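Inside the fold
So the chains spell out like this:
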Amino acid sequence: MSIIIDHVNYIFGKGTEMEHKALRDICLSIPDGQFIGIIGHTGSGKSTLMQHLNGLLKASEGAIYYNGEDIYEKGYDLKKLRSKVGLVFQYPEHQLFAETVLADVCYGPKNQGLDKKECELRAYDALKKVGFPEDLIYSSPFDLSGGQKRRVAIAGVLAMNPEVLILDEPTAGLDPRGRDEILGLIKELQKTENMTILLVSHSMEDVAEYVDRIVVMNKGEIFLDNTPREVFSQYKELEAIGLSAPQVTYIMHALREKGLNVSEEITTIGKAADEILRALGKTGK
Amino acid sequence: MDIIKTQDVLYEYIRRDDEGEVTGITTALDHISLGIKKGDFIAILGRNGSGKSTLAKHFNAILTPEEGTVWVDGNDTSDEDKIWDIRQTAGMVFQNPDNQIIGQVVEEDVGFGPENMGVPTEEIWKRVEESLKAVGMYEYRKHSPNKLSGGQKQRVSIAGVLAMKPKCIVLDEPTAMLDPKGRREVIDAARELNKKEGVTVILITHYMEEVINADRVFVMDGGKIVMQGTPKQIFSLVDELKALRLDVPQVTLLAWELKKKGLNLPEGILTVEELVEGISRCR
Amino acid sequence: MLKDITLGQYYQTESVIHRLDPRVKLLGTILYFVSLFLFNNPVGYAIATIFLATVIIMSRVPFSFMIRGMRTIVILMLITVLINLFVTQGDVVLSFWKLKITKQGIILAVQLALRITLLIIGSSIMTLTTTPNHLTDGLEKGLRFLKVIKVPVHEIAMMMSISLRFIPILLEETDRIMKAQLARGADLESGNLFKRIKAMVPILVPLFISAFRRAGDLANAMEARCYHGGEGRTKMKPLKYKSRDAIAYLILAAYMVVSIYLGRLSLFKIM
C-alpha cells in the first residue's frame, strides 16, 4: 500500500491571465506508515500537491497511483479515495457546522453511508483518539476553545478511518502549548494506528523532532527529499530559497568552525547537549 | 513620562445562556497595573487566553475597564470625549490581515485613517507616501491588497496606522497567521519604526524569538502579569517559562540544558554567537 | 465555476473613458438605459448601437474580454426572447405543431434581444472602466442630493465598497470550505433539488460564521482607525470635474435629443 506520484504537472487557472504552473514534474513515492514533513513557503505548491492526493485537484499531466491503482482511471471511486486519504485543511475549525461536536464528527462517516450507530461509534472513537474530553461531546463546537475546535476538526477526518492522513499546517495560529499537543497527537496516531502521515508546515523546527523524511518544495518543484538530518545539512541551499534549518544545526556548525569536534548531524536539543559535552570531554553524570 | 499607564484594571467576560442568565464569568484582566515608557519596544507574551489581547484592546479604547483606569498619553480611556484622540495616539494592528484592510488599492487603504481624521487631501497624500516608504511597501501602492502576501498585507496595515501619526502602535499578534518570511518582514518593520521614527511599539505575541530585541517584556497568564523584565532576565527563567508552556528559543534551551549538566555558561543566552562564545570558553 | 464571472470586472488600461468622472459615467449609463426604453423604431436602435460601439472602441477594452463570462446571461436572454416569440398574439406568420409565431412576436423578440444586449454591454462599460472605489465615490457624491430626504448615502457607498473588497475573499473561502467538506465525503452533485440544498448546509453555516467573524473584526479595525461615519471626513482622492467631463455631458445631451427625436418618429414606425 502506497501512493506514487508520477511526473505530475498542474497548471493553475488555465486559459486566464492568472495562468501559471503550480506544480512542475513532481515525482514522489510515499510508502506505508511513513511520517513525512512537507516544507515550503506560501505558494511553493505544497498545499496544491496535497489536494491532488485525494483527487480534489486533477493533475494537468502525469498520474497518481493509490495502492497500485490509477486514480484518474475511468470509474475510479474518488469518494472512496477521499475516505482512505484523509485531508485536514488549514484552520480546519472554520469548517465546523453541526449543532453538537458528535454530530459534526459523524458527518464524514455518514457520507460514507454507514448507519447511525456505526457513525456514532466511529465518531466517539475518533474523539477519544484526539484526546477530546468526553463530557463535551454534546456541546456546540462553536463554544470550544481554539485548540479544542481543532481537535474536533481532526477527529472529523479520523472518523472516516483513513489510511493516510494529510494535515495542512495543523498548528497554524495555535500557541506553543497547543502546537506541541497537536504534534504529539499526530505522532501518536502514526505509532499506534500505523497511519501514513503527511504534515505540511513552513517551520523546520516544528517538524524536525517528529518526521522520518522531509520533502522541501520550492516554486512548484521538489527541491530536497531526504531524512531530516540530510536536509538540514544542506542549510546553505535552504537559505538560498529563504528557508532555514533549526537553530541547533547552526550552533553545531558554528562550534565545528571554532574547532570543536561535534557531529553536524544533530537535530534535537537533547542530543546536541550530550554531543557538546562529549566533545568537551565532560561526559559523565 | 509613561505613554500608557494602567492602574488596577479589571475586565471580565460574562457568559450568558439563551435566557440571559449568567452561566459563567471569566476574568480576562485581573487587576493589571503597568507603565509603558515613551519610545520603548515592549513585548507582551502569553499563551492563548492569557488576557494579552484583551489588554491590547484597552490600549486604544476598543474596550474600557470595569474597574481601574487606563491612561493613554494622559487621557483616561473611559472619557468618551477623548476617544478619537486616544485612537489616534495608540494605533492598532490586528491578527488577521484580511479583516482589517478596507481599501481596494493599497494607497487608498493607507489613506483611510487620515480621511477619517479630516486631514486635508494634500497632507493625506504626503502621509500615505511616507508611511508606505517606512514599511517598504511604496512600490506596491497601486496594487490590490488581495494579491499581496500575508506579510505584505500586515505591513500595509502598519502603514495605515502610521499614516495617523500615532505616538504608539499596538500590534495584537500580527504574525500569528503568517509564514516565517512574513513574520520576519513584520517584526523588522515594527523594529524599524521604533528605532527610526521613535514610535513606541507594543508587540503582543506568543513567539519567543520575536521578543529578543525588545526593551522590556511582560509575561501574562490567567489575566495577570506574572513576569516582567528585559529579555535577558526573562529568558534566564527557563523553568518558569516551561511551566507556563511558553516556547523558549532553541539556543536558550540548549544553553540551559548545558548549564544544568554542569557547564559554566552565562545567564540568559539569546543568540547563536553568545552560545558558541560561551561554549568555547569552557574548553 | 465561480471564477468565470468576469462580468463587471474592472479592466485596467488607459483611455478617455477610464479617465472620465464616475458621475458622468453613472448618469450616462442611466440616460442610455432610458433612451433604450423610449425607442420604437429601428433608427433609434441603430443610433444606440453606433453610440455604444464608439464608446467601446474609445474605452480600449477588448470586445472579447467584455463578452467573456456572458454565457449564462445569453442563455437567460434566449429563453426570454423565445417566450416572447411564441406567446405574443397577432398575425400568424408561421405555425407548426401547437406553436405559432406572429409578426408582432418577431418584432417584440428582436426588439427585446437588442434591448437586453445593449443594456448589458452598456452597463458593463461603466464597471469595466471604473474602479469600484471610483464608482462608490461617484455614487456617494452623485447621489448626495438624496441626503436631504435622509438617505444615508455615505453609509450605503461605504457598504458597497466593503462588499466589493470582500467578495474575492469570501469566494476563496467558499472554495476552501467546499473542498474541506468534499474531503469528508460530501456529495454536492447528486440527488434531487431538496437533497442538494440540504447538502449545502455544511458549506453555508461555516461561510456565514466566517463572514460574521470578519465583519466583527473589520468593525473593530475601522473604529481603531477613527472611523465614525461620513461626518468630518476628508477625501484622499476627491472627485473634480475636468473639461473632458463637460464635453462628455454635452455629447450625452446631444445623443439623447437626437436619438429620442429620431427613435420616436412615427415616420419610421413599423408597428
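Reading the values: the criteria
- The residue numbering used here restarts from 1 in each chain and proceeds along that chain's sequence as written.
- All chains are assigned letters beginning at A, and all ligands numbers beginning at 1, according to the order in which they are written.
- Local features are withheld for residues below a pLDDT of 70 in this predicted model, meaning they are given only at 70 or higher, and side-chain atom pairs are given and counted only at 80 or more; totals for whole chains, interfaces and linings count all residues.
- Water and hydrogen atoms were dropped before computing side-chain values, which therefore reflect all heavy atoms in the structure.
- Along the chain, pLDDT gives the predictor's confidence residue by residue, from 0 to 100.
- The way it works is that DSSP assigns letters per residue, a run of H or I at least four long becomes a helix, a run of E at least two long becomes a strand, and they are numbered from the N terminus.
- In this analysis, a patch consists of residues with relative accessible area above 30% that form no salt bridge, clustered at 9 Å for like charges and at 5 Å for the nonpolar side chains Val, Leu, Ile, Met, Phe, Trp and Tyr.
- The protein chains shown are the only cover counted for residues, whose accessible areas, like all others here, come from Shrake-Rupley with a 1.4 Å probe.
- Here, a salt bridge means any side-chain nitrogen of Lys or Arg that lies within 4 Å of a carboxyl oxygen of Asp or Glu.
- For the purpose of charge, His is not counted, nor are the chain termini; Lys and Arg are scored as positive and Asp and Glu as negative.
- Throughout, a charge is located at the NZ atom of Lys, the CZ atom of Arg, the CG atom of Asp or the CD atom of Glu.
- Whether a residue is buried, partly exposed or exposed follows from its accessible area with a 1.4 Å probe, protein chains only, as a fraction of its type maximum: under 20%, in between, or over 50%, in that order.
- Contacts were defined at the residue level, with two residues in contact if any of their heavy atoms lie within 4.5 Å.
- DSSP-based pairing: two strands are paired if at least 2 bridges between them are found.
- Between N-to-C directions, angles cover 0 to 180 degrees, with each direction set by a line fitted to C-alpha atoms, over the stretch in contact for helices.
- Summed over both partners, the accessible surface that disappears when two parts come together, traced with a 1.4 Å probe, is what is meant by buried area.
- Ten residues, namely Ala, Val, Leu, Ile, Met, Phe, Trp, Tyr, Cys and Pro, are considered nonpolar, four, namely Asp, Glu, Lys and Arg, are considered charged, and the remaining ones, Gly among them, are considered polar.

This next bit is on the confidence of the model for chain C. All names here are of chain C. Summarising the model, chain C shows a mean pLDDT of 83, and 94% of its residues fall at 70 or more. Taken element by element, the predicted model of chain C shows its lowest mean pLDDT in strand β1 (residues 92-96) (76) and its highest in helix α10 (residues 201-224) (93). The ipTM for the predicted assembly is 0.88, set against a pTM of 0.85.

Residues B:D17, B:D18, B:E19 and B:E21 make up a contiguous surface patch of negative charge. Structurally, B:D17 can be placed in the loop between β1 (2-16) and β2 (22-37).

Moving on to the side chain of A:N218. Residues and elements named next belong to chain A. Tracing the chain through its elements places N218 in strand β9 (residues 213-218). Residue classification places N218 among the buried positions, given a relative accessible area of 17%. Apart from the residues within four sequence positions on either side, N218 is in contact with S44, F223 and I241.

Residues and elements named next belong to chain A. Spatial strand order, β6-β7-β8-β3-β9-β10: six strands in an open sheet with mixed pairing. A single partner strand is all that each edge strand has here, and the edge strands are β6 (85-88) and β10 (221-226). Pairwise comparison of adjacent strand axes, ignoring direction, gives a mean angle of 15° for this sheet. Bridge count for strand β7 (residues 164-168) against strand β8 (residues 196-201) is five bridges, and the pairing is parallel. What sits directly across from L167, in β8, is L199. Taken strand by strand, helix α6 (residues 176-193) contacts β3 (35-39), β7 and β8, and its axis lies near 155° from that of β8.

Right, let's get into the interface of chain A and chain C. Contacts between the two partners involve 22 residues from chain A and, on the opposite side, 18 residues from chain C. Of the roughly 1,800 Å² buried between chain A and chain C on both sides combined, carbon and sulfur atoms contribute 60%. For the chain A face of the interface with chain C, the top three residues by lost area are A:Q95, A:F97 and A:Y107, together amounting to 30%. Summed over the shared surface of chain A and chain C, the result is one salt bridge. The partner of A:D104 in a salt bridge is C:R184, and the shortest N-O contact between them spans 3.1 Å. Looking at the side of chain A that touches chain C, the elements with two or more residues in it are α2 (78-84), α3 (101-111) and α5 (146-158) of chain A. Of the residues forming the side of chain A that touches chain C, the biggest block, five residues, is contributed by α3(A). Residue classes in the side of chain A that touches chain C are distributed as 11 nonpolar, seven polar and four charged.

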